[in-house]
Amino acid sequence: MEQGHIIKVAGPLVVARGLVESKMYDLVRVGEDGLMGEIIEMRGDRASIQVYEETDGLGPGDPVVATGAPLSVELGPGMLEAVYDGVQRPLDVLERQAGSFLSRGISAPGLDREKRWTFVPSVEPGTRVSGGDIIGVVQENVVVEHRILVPPALSGVIESITGGDFTVRDTVATLVDDEGGVHDLAMMQVWPVRVPRPYKKKVSADEPLTTGTRVIDTFFPIVKGGVACIPGPFGAGKTVTQHQIAKWSDAEVVVFIGCGERGNEMTDVLMEFPELVDPYSGEPLMKRTVLVANTSNMPVAAREASVYTGITMAEYFRDMGYNVVLQADSTSRWAEAMREISGRLEEMPGDEGFPAYLGTRLAAFYERAGKVECLGSVPAGASVARTGSISVIGSVSPPGGDLSEPVVQNTLRVVKVFWALQDQLAYQRHFPAIDWLTSYSLYVDKVTPHWAADVSKDFRARRDEAMSILQRENELAEIVRLVGLEALSPEEQILMETAKSIREDFLQQNAFRDDDQFSSLAEQDRLLSTILLFHAKALEAHAAGASLADIFAAPVRERIARAKYLAPDQMAEYDSIASDIETQLVGGARPEAAVASAGGER
Amino acid sequence: MREYRTTRDIVGPLLLIEKVVDVTYGELVELEYPDGTRSLGNVLEIDGDVALVQAFEGTRGSNPKDTKATFLGRSLELGVSRDILGRVFDGLGRPADGGPEIIPDERRSIYGAPINPVARDFPDDFIQTGVSAIDGLNPLVRGQKLPIFSGSGLPHNELAAQIARQSAVLARSGAADQAGEKLEGEFAVVFAAMGITFEDADFFTNEFRTTAAIERTVLFLNLADDPAVERIATPRMALTAAEYLAYTCDMHVLVILTDMTYYCEALREVSAARKEVPGRRGYPGYLYTDLATIYERAGRVKGRAGSITQVPILSMPDDDKTHPIPDLTGYITEGQIILDRNLHRRGVYPPIAVLPSLSRLKQKGIGPGKTREDHADVSNQLFGAYASGIQAKELAVILGEAALSDTDKAFVAFADAFEDQFIRQGTHEERSVAETLALGWKLVAQLPRTELKRIRDEYVAKYMSSEAGD
Ligand SMILES: Nc1ncnc2c1ncn2[C@@H]1O[C@H](COP(=O)(O)OP(=O)(O)O)[C@@H](O)[C@H]1O
Ligand SMILES: [Mg+2]
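What counts and how
- Residue positions are given per chain, counting from 1 as you read along its sequence in written order.
- Whichever chain is written first is A, and whichever ligand is written first is 1; the rest continue in order.
- Where local features are concerned, this predicted model is filtered to residues with pLDDT of at least 70; where side-chain atom pairs are given and counted, the filter is 80 or more; whole-chain, interface and lining totals use all residues.
- Side-chain measures here rest on the full set of heavy atoms in the structure, leaving out hydrogens and waters.
- Per the convention used, a helix needs a DSSP run of H or I reaching at least four residues, while a strand needs a run of E reaching at least two, with both numbered from the N terminus.
- The globule rule is 2.2 Å times the number of residues to the power 0.38, and the radius of gyration it is compared with is taken over C-alpha atoms.
- Three exposure classes are used, based on accessible area relative to the maximum for each residue type with a 1.4 Å probe and protein chains only: buried under 20%, partly exposed in between, and exposed over 50%.
- Residue contacts are counted whenever heavy atoms from the two residues lie within 4.5 Å of one another.
- Where accessible areas are quoted, they stem from the Shrake-Rupley method and a 1.4 Å probe; at the residue level, only the protein chains shown are allowed to cover.
- Here Asp and Glu are counted as negative and Lys and Arg as positive; His is not counted, and neither are the chain ends.
- Every charge is mapped to an atom, namely NZ of Lys, CZ of Arg, CG of Asp or CD of Glu.
- We call a set of buried residues a nonpolar core when its members are Ala, Val, Leu, Ile, Met, Phe, Trp, Tyr or Cys and they connect through side-chain atoms within 4.5 Å of each other.
- Summary of the distance rule: residues count as near a molecule or strand when at least one heavy atom falls within 4 Å of that molecule or strand.
- A 3.5 Å cut-off defines polar contacts: any pair of N or O atoms within that distance qualifies, except that in protein one atom must be a possible hydrogen donor and the other a possible acceptor, and neighbouring residues in sequence count only when both atoms are side-chain atoms.
- Think of it as three bins: nonpolar holds Ala, Val, Leu, Ile, Met, Phe, Trp, Tyr, Cys and Pro, charged holds Asp, Glu, Lys and Arg, and polar takes everything else, Gly as well.
- Residue ranges for the domains trace back to a domain assignment, done automatically or taken from a database.
- Here the axes come from fitting lines to C-alpha atoms, over the contacting stretch only for helices, and the angles between their N-to-C directions go from 0 to 180 degrees.
- Here the word oblique covers every angle except those under 35 degrees (roughly parallel), over 145 (roughly antiparallel) and from 65 to 115 (roughly perpendicular).
- Each crossing gets its handedness from the near helix: less than a right angle anticlockwise from the far helix is left-handed, clockwise is right-handed.
- A pair of strands is labelled paired if DSSP reports no fewer than 2 bridges between them.
- Two parts placed together each lose some accessible area under a 1.4 Å probe, and the buried area is that loss summed for both.
- In the sections that follow, a salt bridge refers to a side-chain nitrogen of Lys or Arg positioned within 4 Å of a carboxyl oxygen of Asp or Glu.
- The criterion for a disulfide is a pair of cysteine sulfur atoms lying within 2.5 Å.
- Think of the arc as the fan of directions from the helix axis to the C-beta atoms.
- pLDDT is a residue-level measure of predictor confidence that goes from 0 to 100.

Some details on the overall build of chain B
- Tallying secondary structure elements over chain B gives 13 helices and 22 strands in all.
- A globule of 470 residues ought to have a C-alpha radius of gyration of about 23 Å, and chain B, at 25 Å, matches this closely.
- For the C-alpha atoms alone, the extent of chain B along its principal axes is close to 80 × 50 × 40 Å.
- Taking all 470 residues of chain B together, 62% fall into the buried category.
- Considering only contacts in chain B between residues 6 or more positions apart, those separated by 24 or more positions represent 72%.
- About 16600 Å² of surface is accessible on chain B, with carbon and sulfur atoms providing 49% of the total.
- In chain B, 52 side chains carry a positive charge and 69 a negative one; their mean positions are 2 Å apart.

Points about the nonpolar core
- Formed by 167 residues in total, the largest nonpolar core has its most connected members in A:Ile135 and A:Trp419.
- Ranked by the residues each element gives to this core, the list is headed by helix H5 (residues 300–319) of chain A, at 10 residues.
- If we ignore the near neighbours within four places in the chain, the residues touching A:Ile135 are A:Phe119, A:Pro121, A:Ser122, A:Val123, A:Val129, A:Ile148, A:Val150, A:Ile158, A:Ile161, A:Ala173 and A:Leu185.
- Of all hydrophobic cores here, the second largest spans 69 residues; its members include B:Ala133, B:Leu219, B:Leu339 and B:Leu439.

Details of helix H7 (residues 324–332) of chain B
- Of all nine residues in H7(B), nine are buried; the element is thus mostly enclosed.
- Of all the positions in H7(B), only B:Pro324, B:Ile325, B:Pro326, B:Asp327, B:Leu328, B:Thr329, B:Gly330, B:Tyr331 and B:Ile332 are classed as buried.

So, the site of ligand 1
- Near ligand 1, the surroundings consist of 16 residues, among which A:Gly235, A:Lys238, A:Thr239, A:Val240 and B:Arg360 are the closest.
- Around ligand 1, the nearby residues trace back to chains A and B.
- A distance of 2.7 Å separates an oxygen atom of ligand 1 from a polar atom in the side chain of B:Arg360.
- Ranked by residue count, the leading element in the shell around ligand 1 is helix H3 (residues 238–248) of chain A, at three residues.
- By residue class, the composition of the shell around ligand 1 is eight nonpolar, six polar and two charged.
- Residue contributions to the shell around ligand 1 reach at least three from each of two domains, namely domain 3 (230–441) and domain 4 (459–601) of chain A.

What about the packing of helix H10 (residues 375–399) of chain B against helix H12 (residues 433–444) of chain B?
Residue and element names in this part refer to chain B.
- Two elements in contact, H10 and H12, have axes separated by 10 Å at closest approach and are oriented at 45°. Classed by the angle they form, the pair H10 and H12 counts as oblique. Considering only the axes of H10 and H12, their crossing is left-handed. Note on element contacts: H12 touches H10 through Val433, Leu437, Gly440, Trp441 and Val444, opposite His375, Val378, Gln381 and Leu382.

Examining the sheet that holds strand E15 (residues 171–176) of chain A
Residues and elements named next belong to chain A.
- Ordered by their spatial adjacency, four strands build an open sheet running E10-E13-E15-E16, and the pairing between neighbours is antiparallel. The open sheet terminates on both sides in strands that have one partner only, identified here as strand E10 (128–130) and strand E16 (182–186). Neighbour to neighbour, the strand axes of the sheet diverge by 45° on average, direction disregarded.
- Bridge analysis of E15 against E16 gives five bridges, and the strand direction is antiparallel. Counted as the bridge partner of Leu175 is His183 from E16.

A few points about the interface of chain B and chain A
- Taken together, the contacts link 77 residues of chain B with 78 residues of chain A.
- Interface of chain B and chain A: buried area, both sides summed, is about 6400 Å²; carbon and sulfur atoms make up 51% of it.
- The interface formed by chain B and chain A holds 10 salt bridges in total.
- Here chain B and chain A share 36 residue pairs in polar contact (both at pLDDT 80 or more) between them.
- Those elements that provide at least two residues to the side of chain B that touches chain A are strand E5 (38–47), helix H6 (287–295), H7, helix H9 (362–365) and H10 of chain B.
- The element best represented in the side of chain B that touches chain A is H10(B), accounting for nine residues.
- Of the residues assigned to the side of chain B that touches chain A, the class counts are 36 nonpolar, 18 polar and 23 charged.
- Relative to E5(B), strand E1 (residues 3–10) of chain A runs antiparallel, the two sharing two bridges.

Side note on the pairing of strand E17 (residues 189–192) of chain A
Residues and elements named next belong to chain A.
- The alternating pattern of E17 places Gln189 and Trp191 on a buried face, while none of Val190 and Pro192, on the opposite face, is buried.
- Relative to E17, strand E7 (residues 72–75) is paired through four bridges, and the arrangement is antiparallel. For Ser72, the partnering residue across the bridge sits in E17 and is Pro192.

Quick notes on the domain arrangement of chain A
Residues and elements named next belong to chain A.
- What the domain assignment reports for chain A is domain 1 (3–70), domain 2 (117–187), domain 3 (230–441) and domain 4 (459–601).
- In this structure, domain 1 and domain 3 have C-alpha centres spaced 30 Å apart.
- Looking at the side of domain 1 facing domain 3, the largest losses of area belong to Pro12, Gln50 and Tyr52, adding up to 44% of the total buried there.
- Connecting domain 1 to domain 3 are zero salt bridges.
- Where domain 1 touches domain 3, the interface holds one residue pair in polar contact (both at pLDDT 80 or more).
- No other element matches strand E5 (residues 46–51), which puts three residues into the side of domain 1 that touches domain 3.

Focus: the state of the cysteines
- A full pass over the atoms with the stated rule returns zero disulfides over all chains.
- Sulfur of A:Cys229: no disulfide; nearest cysteine sulfur belongs to A:Cys259 and is 15 Å away.

Overview of helix H10 (residues 444–454) of chain A
Residue and element names in this part refer to chain A.
- Of all the positions in H10, only Val444, Val447, Thr448 and Trp451 are classed as buried. Down the axis of H10, the smallest arc covering the buried residues is 130°, so these residues share one side. More than 90 degrees from the buried face of H10, the exposed residues found are Pro449 and Ala453.
- Where the residues of H10 are buried, they touch helix H2 (214–219), strand E26 (440–441), helix H11 (459–483) and helix H13 (521–543).

Let's talk about the pattern of salt bridges
- By the definition in use, this model includes 95 salt bridges over all chains.
- The residue A:Arg17 makes a salt bridge to A:Asp45 at a minimum N-O spacing of 3.4 Å. With A:Arg17 in strand E2 (residues 13–17) and A:Asp45 in the loop between strand E4 (35–43) and E5, the pair connects residues that are 28 residues apart, well separated along the chain.
- What makes A:Asp45 partly exposed here is its relative accessible area of 36%.
- Two residues, B:Glu373 and B:Lys462, come together in a salt bridge whose shortest N-O distance is 2.7 Å. Of this pair, B:Glu373 sits in the loop between H9 and H10 while B:Lys462 sits in helix H13 (residues 457–468), placing them 89 residues apart in sequence.
- A relative accessible area of 40% places B:Lys462 in the partly exposed class.

Concerning the sheet that holds strand E12 (residues 140–141) of chain B
All names here are of chain B.
- What the four strands build is an open sheet, ordered E12-E11-E14-E15; its pairing is antiparallel. The sheet terminates laterally at E12 and strand E15 (182–183), the two strands that pair on one side only.
- In the sheet, strand E14 (residues 168–170) pairs with E15 via two bridges, with the strands oriented antiparallel. Residue pairing for E15: Leu170 is matched across the bridge by Lys182.

Digging into the confidence of the model for chain B
- Per-residue confidence for chain B gives a mean pLDDT of 93, with 99% of residues at or over 70.
- Interface confidence for the predicted complex, given as ipTM, is 0.93, next to a pTM of 0.94.

Details of the packing of helix H5 (residues 260–273) of chain B against H6(B)
Residues and elements named next belong to chain B.
- Following both chains from N to C, one finds H5 and H6 inclined at 135°, their axes separated by 12 Å at the closest point. Between H5 and H6, the angle is such that the two are oblique. Both H5 and H6 take part in a crossing whose hand is right-handed. On H6, the residues that touch Met260, Tyr263, Cys264 and Leu267 of H5 are Leu287, Asp290, Leu291, Ile294 and Tyr295.

Have a look at this one:
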C-alpha cells in the first residue's frame, strides 16, 4: 500500500501528501500509532483526512499509510448486545486491552475472530441463489435468529455448504458464479458505511410501531419503517423518550446511537437493558439491542461516522427481514461534528456556520429508513422474498430551544412525525413533555385500518375526539385567562375538566414507574374511552339537572386518575369504573348520602 | 536545537512561528519575550514548518524579532502527588502559596483521556447537601456534574460553599422507610477559579480555612487580573488533580469550577484571533465539544473507590438561559440548579428556581435503601403542585384572587408556603433528608386529597398523618 506523510495538523484534521492512488473516503492509518482516519477532500497531491482519534503529538513528516478500502463495518453474528464506538470498535474489548480510559492507537475488530457460532444451512448444494438469499441461520441468542445472507452483488450456484461450529471468517459455503468464478462465503460480510445497502424496492409503510407511550401511540403514531424527530431544549425529555422507545417498542432489533451525548446515559442503558424484560419475547432487552456509543468527549470525527456505522448495521438486520428501530441521540451533535470538520477544511459556511450540504446529508441519512422488499429470490407461491423495515427516530438539540435553527428545519423537511418537546411542560413535570398542540404525525390515516382491526373500530374516533377536546381547551383557556372561568358555559367547564383529565390521567406517563412506563394499545383504548365516557355522562347529568360541583366531586374521578397504573390483568377494573360512572353521574340533585355510598363501594 | 527566534506574526494571544522542525500538534512551548516576560504556550496548528502557538500568559512584551520560542516535546502537564492537598496553585498549576515545589509521583497531561463508557459505573449514591430545594427535588449524587446557573449579584458562592461544607453520603438503609446515617469517607475538594475577583476567591479560601477543610482542598486560582488565555488550562489542571485524587488515592472529590463564563470567553478570544467561523454569539462552533471534555471528566469508574462530582458555576449573561454558555452546559451536564433573581429580591435564600432546575440522576439516587421509598412521589407531587400554584398566581394577577376556584386558591397558598418554608433556609442550616421529606408532607397535606395524583395511595396512608403531623 502507498505511504504518504503529514504536512499539516489542525485538530481532528490532518493534511497529507503522497496519497495519489487513494480515493475519496478511503481509510488511512495516521502516524506511528496507526490512528484511523478517512480521506474527505483531495486537492492536487494533498489529501485532507479526518482522524478518528485525538491528534496530539502528530506532526509534519509523520507517515500516513493507505489501506485502499473505504470506512466499513463488519456484519455478522456477534453484533447484538455489543457496544461500539463510532467506527465500530468494541468498547468492552478496548477496556480489556487498555483499561478504563480510552487511549490512542488501540484497535480491535468489530466482530470477535475467535468465537464459534453454530451455523445451520438452509439450502442444499446445487441451489441457485442470488444476492440477499438466506443460506443458513445462526441462533445468535435466544431472541434473534441471525440469517446468513448471500452478499448483495453475488449470484450463482451453491457448490458446497456445511453446518457446524465456525468463526465468522471460516468458509461455510462456496458459490460458483455464472462466469465460473468460485467464491468462499463466510458468515461475516464487510460493507462501506457511507453506501446504503441495496434492496429490491421501497414499499409503503403503514403498520404501527407500538411504543407503549400513550401520547405517541394514540396521538402521534409512527409506523414500522417511518421517520420521526424529537426536538427540544435540554431537559425536556428527548433521551428518556428515546430510551422508552428502545425499551418497549415492538421491533425485532434496536440500534441505539449515542452520538455526542453523555457517557452516563450509555452506562444507564448498559446496566438497565440486561435486567429489563422485553414484553414481547420475555427475554432481556439487551439481547435485541446494538449500541453505538460515541459520547461528547470522544473524538469528534468518529462522532460524524457513528450515525453511518449505526444505520449500516440496521440495514443489515433489515435485509434479514426484521423490523429495526434505529435511534440517534442527538443528530444535532452529528451536524456539529460536520460543522467542525467543515470549518477546519475552510469550506464556505452556510447558516450558523453549518456546511452548505447539511440539508442533503440529513435527508440522505433519513432516506435510509423505510420499509423495503428485501433482495433475494422469491419463493414459489409468494410475491416477495421478504420485507424488512428501519424506523429512524432522531433527537434534535436546538440551541436555546429555537426551532428555527438549521438542523431542526432541515430535519422537518424529511421526517413525517414531529414530537415537539416543550420546556414549560417539563418544568411542570408533565412527562412526556410532548406538546399535543404542535406535534404531528402524517401516519395517522395509514394506521387507522390497523387500529380498527387490532384495537377497536372506534379507536380513531376516540382519539380524534380527545384531540379536539384538547384543542378546544386551548381556545377556552385564552378566555379564562382574560375574564375568568365563570365566563364559560357549564358545558365548556365540563370540557375543561375533561381536558385536564386527558392531560393528567392519560397523557402524563412516568417513565420511572414500573406500573406506568408501558401501556399496550388495548390499555390505551380502555383508558381513553373511560375518560370520554365520564365526559359524555357528565354532559348528560348536567343536562338532567346535576350541579357542576356534584359532577366534579364524583368519587369515581379518583379511580379514573389511578386507572393508568392498572396492570394488564386488571382490565376488568375498567368495567367497574364504567359502572361507577353510570351510577354516580345521574341527573338531578342527589342527596349527600347517595354520593357517599357510591364512593364507599370502592 | 528546538529553540527559535523566527516569530512572524503576533495577533492577540497567538504567535505564528516559522521554520520550525519536528513540532507536533498540542506541543508545549516556552516563550521568552524581549522584555524578559515569560509565557507558556501550546501548538494549535502546525502547517509545514509554520506553527500557530497560543500564549497562555498573553503576548504583552513580545515582538517578532526577539521572541524566543522553545518547543518542549511534551504537552502541558501537571505533576501530582498526595502533597497537592492543602496547597494553592496558579492557573497553570505552579505553587502560588509560597510553599515548596511539589515532588511529583507522576506527571500527567492535563487533557486527560475520555472514560470508556463501558468502564463507567452509574452514579447512584445520594449526597445529602442539607439543602431542601436540592435534596428534596433535584438531588445530587456522587459522580454527577450539576452546575449552578447564576447571575451577577446572586448568592451562588454561598450556595456552593454550603454544598461543599454540608455534603455527606448516607449509608445504605435496610428499611424502606428510613434513610441511613451519614457516612465518613475520604473526601477532597478541588477548587478552580477562572477570572473571578480576589474577593470571591478569598470568600472560598476563608470558608475552607474556617471549616478546616483546607487540609483536604486543592486550589487553582486564575483571578480577574490574571492572563485570560491561562483560563483555558485552569479547569483541566483542576480535573487532572481531581482524577489523581479520585482514581489513584481513592478519594471522593468535589470539584468546584467558577466561573465557566470567563472560561468560555477566553476560548472565544482565541477563536476570534484565529478568525474561525463563529457559531452563536461569536462563540466557536466547537464550544460544545470543548466543554464536554471538561464536564465529562466527572463520574465514577468501575473497580475504583473514588469519584469526581462537579459543581461548576456560571453566570448567565443577562440572566438568559438560552445564551450559548448555559445552553451548551445544560446539554452536557446532568441537570442544573438555576438561581432566580425574583426569589432573591424577595429575600429567599437559597433562591433556587426549582421548576426549571433539574437533576437527571435523581431516579437512581433516591428511594428505598438510599433515601426513602416515598421520596420520588413526594418530589413529583411538590413539583406538580408548585407549578399549579404558580399558574394560579398568574391568573390571580389578572383576575384577582377572588376569581379563582377553591382548588386554585389552595394551590396559591401552597406555593407561598412552599417558597417560604421549603425553599427558604439558612446558609448554615443543615436539614436531613428526613426533615426535608417531613416538610414536603406537611405542605402537600394542605392540598385537596384528590389533587395528590402523583403519590401512591399506600404512601399517603403511611406517611401523610404522621409526617405532616395532623
Ligand atoms: N417520561 C418521563 N417520565 C418521567 N420523567 C421524565 C420523563 N421524560 C423526562 N423526564 C425527566 O426529565 C429529565 C430530562 O430528560 P432527558 O430525556 O434526559 O432530556 P433531554 O434529553 O431532552 O435533555 C429526566 O432526567 C427525567 O427526570
Ligand atoms: Mg438528552
